[in-house]
Amino acid sequence: MAICPTSDGYLFSYNNYSGENTTNFHGAMDIWIQRFDTLHNRIWEKCYGGSNSEVPIKLIRINDSEFYLLGCSLSSDGDVQSKNNEFSEVWVTKISNEGNVIW
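Note that the structure is predicted; figures quoted are calculated from it, not measured.

**Student:** An account of the sheet that holds strand S2 (residues 9-16) is requested, with residue identities and associated values reported.
**Tutor:** The antiparallel open sheet is built from 4 strands, whose spatial order is S1-S2-S3-S4. A single partner strand is all that each edge strand has here, and the edge strands are strand S1 (2-6) and strand S4 (42-48). Each strand of the sheet is rotated relative to its neighbour by a mean of 20 degrees, with strand direction disregarded. Pairing analysis gives 6 bridges linking strand S3 (residues 30-37) to S4, with the strands arranged antiparallel. Pairing of Ile-33 across the sheet is with Lys-46, part of S4.

**Student:** Tell me what's going on with the nonpolar core, and back it up with residues and numbers.
**Tutor:** Within the largest apolar cluster, 13 residues are counted, with the highest numbers of intra-cluster contacts made by Leu-11, Ile-33, Tyr-48, Leu-59, Leu-69 and Trp-91. Looking at this core, the elements that each hand over two or more residues are S1, S3, S4, strand S6 (66-73) and strand S7 (89-96). If we skip the residues at most four places from it in the chain, Tyr-48 touches His-26, Asp-30, Ile-31, Ile-33, Glu-54, Leu-69, Asp-79, Trp-91, Ile-95, Gly-99, Asn-100 and Val-101.

**Student:** Can you lay out the pattern of salt bridges for me, pointing to particular residues and giving the numbers?
**Tutor:** Scanning the model with the defined rule gives 3 salt bridges in all. Arg-35 serves as the salt-bridge partner of Asp-8, at 2.3 Å between the closest nitrogen and oxygen. With Asp-8 in the loop between S1 and S2 and Arg-35 in strand S3, the pair connects residues that are 27 residues apart, well separated along the chain. With a relative accessible area of 35%, Asp-8 lands in the partly exposed category.

**Student:** Quick one: what's the story with the packing of aromatic side chains, residue by residue and with numbers?
**Tutor:** Inspection of the entire model under this criterion finds 4 aromatic pairs. Pairing Phe-12 with Tyr-14 gives two aromatic rings, centres 4.9 Å apart and planes at 55 degrees, and the pair type is tilted. On the basis of relative accessibility, which here comes to 24%, the residue Tyr-14 falls in the partly exposed class. With 5.1 Å between their ring centres and 65 degrees between their planes, Tyr-14 and Trp-32 make a pair best called edge-to-face. Taken together, the residues Tyr-14 in strand S2 and Trp-32 in strand S3 connect sequence positions 18 residues apart. In this structure an aromatic cluster arises from ring pairing among Phe-12, Tyr-14 and Trp-32.

Thresholds applied
- Residues numbered from 1 in each chain as written.
- Predicted model: local features only at pLDDT ≥ 70, side-chain atom pairs only at ≥ 80, totals over all residues.
- Heavy atoms only, no water.
- Pairing = 2+ DSSP bridges.
- Helix = DSSP H or I, 4+ residues; strand = E, 2+ residues; numbered from the N terminus.
- Axes fitted to C-alpha atoms, helices over the stretch in contact; angles between N-to-C directions.
- Core = buried A, V, L, I, M, F, W, Y, C linked by side-chain atoms within 4.5 Å.
- Buried < 20%, exposed > 50% of the residue type's maximum accessible area, 1.4 Å probe, protein only.
- Contact = heavy atoms within 4.5 Å.
- Salt bridge = Lys/Arg side-chain N within 4 Å of Asp/Glu carboxyl O.
- Phe/Tyr/Trp six-rings, centres within 6.5 Å; stacked < 30°, edge-to-face > 60°.

Listed below in structure tokens is the structure:
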């Protein structure tokens, strides 16, 4: 689980095993990020990962519009665009304030 403050609320990430009530679920276990405002209203939610398991480690705010998502991944498909050597590997991706993958 990871929590990251934003200029107008916070991002909260944890594992999602089922994909129920989520956007962009890939399978197995994805990283699920939800963005909330200061009144605790959910602004958006989205899953990140591939067909195998991903685990969140940390969210880092770069500026008001970009964040780094650090996690561990067993996937090599979906949002994970690197080769996996059949072990859990560190996965870093950059996301926008709206939850879109930048790289």
